[in-house]
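Okay, here's what each chain looks like letter by letter:
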Amino acid sequence: MSGCAVSLPELSGLPRLPQLPQLPQSDRTPALPKVSDAPPAGPLQTGNSFIVNAVEKVGPAVVRIDTVKRVINPLGGLFGRGPAIQQQQGQGSGFITRSDGVIITNAHVVEGANEVSITLPDSRSFTGKVLGSDPLTDIAVVKVVAEGLPVAPLGDSARVRPGEWAIAIGNPLGLDNTVTAGIISAIQRTNAIGEGQRVPYIQTDAAVNPGNSGGPLINDRGQVIGVNTAIRQAPGAGLSFAIPVNLARQIAAQILEKGRASHPYIGVRLQALTPQLAREINATSSECQLPEVQGVVVVEVLPRSPAEQAGLKPCDLIEQVDNKAVRNPSEVQVAVDQVRVGSEMTVKVRRGTQSTTLNMRPAELKSSR
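A brief look at the structure comes next. Predicted, not measured: the structure shown is a model, and the values here were computed from it.

This next bit is on the pattern of salt bridges. Where side chains of opposite charge bring their charged atoms close, a pairing between them can arise. Scanning the model with the defined rule gives 14 salt bridges in all. Between Arg279 and Glu292 there is a salt bridge; the shortest N-O distance is 3.3 Å. Separated by 13 residues along the polypeptide, Arg279 in helix α4 (residues 275-284) and Glu292 in the loop between α4 and β16 (295-301) bring together distant segments of the chain. According to the relative accessible area criterion, Arg279 is partly exposed, its value standing at 38%. Owing to a relative accessible area of 44%, Glu292 belongs among the partly exposed residues under this scheme. Between Glu344 and Arg361 there is a salt bridge whose closest N-O contact spans 3.9 Å. Of this pair, Glu344 sits in the loop between α6 (329-337) and β19 (345-351) while Arg361 is found in the loop between β20 (354-360) and β21 (363-364), placing the two residues 17 residues apart along the sequence. Among the residues examined, Glu344 registers a relative accessible area of 48% and is labelled partly exposed. Connected via shared salt-bridge partners are Arg64, Asp66 and Asp176.

Bringing the environment of His108 into the picture now. Locating His108 in the fold gives a position in helix α2 (residues 107-110). By relative accessible area, which is 38% here, His108 ends up partly exposed. C-alpha separation for the pair His108 and Ile139, spaced 31 residues apart in sequence, amounts to 8.1 Å. Those residues in contact with His108 that lie beyond four places of it in its chain are Asp138, Ser213 and Thr229. Of the polar contacts made by the side chain of His108, one reaches the side chain of Asp138; its length is 2.7 Å.

Counted according to the given criterion, the structure contains two aromatic pairs. Arranged with centres 6.4 Å apart and planes meeting at 70°, the rings of Tyr201 and Phe241 form a pair that is edge-to-face. Of this pair, Tyr201 sits in strand β10 (residues 201-204) while Phe241 sits in strand β13 (residues 237-244), and the two are 40 residues apart along the sequence. Classification of Phe241 as buried rests on a relative accessible area of 3%.

Okay, the side chain of Ser93 next. If you trace the backbone, Ser93 turns up in strand β2 (residues 85-98). One polar contact links the side chain of Ser93 to the main-chain carbonyl oxygen of Gly211, over a distance of 2.6 Å. If we skip the residues at most four places from it in the chain, Ser93 touches Val63, Ile65, Thr105, Gly170, Asn171, Gly211, Asn212, Ser213, Gly214 and Gly215.

Let us look at the pairing of strand β8 (residues 165-170). With respect to burial, β8 is a largely interior element, five of its six residues being buried. By the bridge criterion, two bridges tie β8 to strand β11 (residues 216-218) in an arrangement that is antiparallel. Across the sheet, the residue bridging to Ile167 is Ile218, located in β11.

Here we come to unusual backbone geometry. Residue Arg304 is not a glycine yet carries a positive backbone phi of 60°. Within the chain, Cys315 stands out as a residue other than glycine whose phi angle is a positive 80°. Among the secondary structure elements, Cys315 is positioned in the loop between α5 (306-310) and β17 (317-321). Owing to a relative accessible area of 18%, Cys315 belongs among the buried residues under this scheme.

A contiguous nonpolar patch, built from Phe50, Trp165 and Ile183 and spanning about 260 Å² of accessible area, is present on the exposed surface. You can see Ile183 is positioned in strand β9 (residues 178-189).

As a further point, take the environment of Ala278. By the secondary structure assignment, Ala278 is in helix α4. By relative accessible area, Ala278 is classed as buried at 0%. Once residues within four sequence positions are removed from consideration, Ala278 is found in contact with Leu273, Leu290, Pro291 and Glu292.

Taking 1.5 Å of rise per residue, 14 residues should cover 20 Å, and helix α3 (residues 245-258) covers 20 Å from first to last C-alpha, within 8% of that figure. All of the buried residues in α3 are Val245, Leu247, Ala248, Ile251, Ala252, Gln254 and Ile255. Looking at the residues trailing α3, positive phi occurs at Gly259, about 80°.

Once that is clear, we can look at the side chain of Gln254. Mapped onto the fold, Gln254 is located in helix α3. Ignoring anything within four residues of it in the chain, the contact list for Gln254 reads Gly259, Arg260, Ala261 and Ser262.

Turning next to the sheet that holds strand β7 (residues 139-143). Spatially, seven strands are ordered β5-β4-β1-β2-β3-β7-β6 in an open sheet, and the strand pairing comes out antiparallel. In this open sheet, the two strands that pair with only one neighbour each are β5 (125-127) and β6 (129-134). The sheet shows a mean angle of 30° between the axes of neighbouring strands, taken without regard to direction. The sheet contact formed by strand β4 (residues 115-119) and β5 spans three bridges and is antiparallel. Within the sheet, the bridge partner assigned to Ile118 lies in β5 and is Phe126.

Calculation notes
- Residues numbered from 1 in each chain as written.
- Predicted model: local features only at pLDDT ≥ 70, side-chain atom pairs only at ≥ 80, totals over all residues.
- Heavy atoms only, no water.
- Salt bridge = Lys/Arg side-chain N within 4 Å of Asp/Glu carboxyl O.
- Helix = DSSP H or I, 4+ residues; strand = E, 2+ residues; numbered from the N terminus.
- Buried < 20%, exposed > 50% of the residue type's maximum accessible area, 1.4 Å probe, protein only.
- Contact = heavy atoms within 4.5 Å.
- Polar contact = N/O pair within 3.5 Å; in protein donor to acceptor, adjacent residues only side chain to side chain.
- Phe/Tyr/Trp six-rings, centres within 6.5 Å; stacked < 30°, edge-to-face > 60°.
- Pairing = 2+ DSSP bridges.
- Patch = residues over 30% accessible without salt bridge, like charges linked within 9 Å, V, L, I, M, F, W, Y side chains within 5 Å.
- Areas by Shrake-Rupley, 256 points an atom, 1.4 Å probe, with all protein chains shown as cover.
- Expected span 1.5 Å × (residues − 1).
- Axes fitted to C-alpha atoms, helices over the stretch in contact; angles between N-to-C directions.

Here it is in structure tokens:
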């Protein structure tokens, strides 16, 4: 009947299996000693970390740049030792800053390139045109013909502080879309790649390798704060440097406007001064009597230069540029480079025992290219 339990007849004629005896406790597998008494971990939380979120904002706009440079083979052609023209291939990174195909990268990535190919993370590929490059800051602008491309948000590098997160995205060693992370190790590294630089580099310990050049350095909010450009290797470690995005934005805007960057020039040769050097100069020269301090001394003033016209002289000790203290020649160079060509700037100098302030208007630095 439906809904009633049915009793099954007992099966007969089959022998019953004997019950196995219980093994004594000593014959069982011994329990393993407890390694940890920590409570069990909670369930894995779903969701992204801040690094994942930052990379998802910028990553789609980070591109691989492949270049081809044609060079003359001195042993080719007539001598029959290969083709007369050889092709050299290069690779770097860049990031899209405008949805109509404007890309920022390093000048050294595209220098001398006859062909430039741009590949997005979604595998779309475009032919790129170099609109202009600036070797002094190592910034270049490349353009592709496209619309609606993903764009990397630009941050404010003036707000970057040591100890903040730093995330590098690029194509190191040909490995596309590689992400590394670290911290901002230092800022305003004007002597990172030698004296006389015009760039106050951001230093980071995020791993950067060949092929990362031109790619973005981003913060934990998914904003570009720098353009990865240089590496200094040391035993067991390496240091990475990025061009601050505020400077990259300024240079890129000039290139977009007139095809080149404009740099101010005052026409001086400078020397870093130390107390020991000051003592040596004072002991051997009757022309210069310098204070025994750390500073910047004028070694030469070029004829008909803005510096000469303003009255700057050899042996002057430069203390400030536009009311900002300077401690080495690179800091003077960076301070001058922040002034528009033709705009007036002030230079405070110590001449002997007297301090004086000079007014000068930087001229435009003539390109050597």
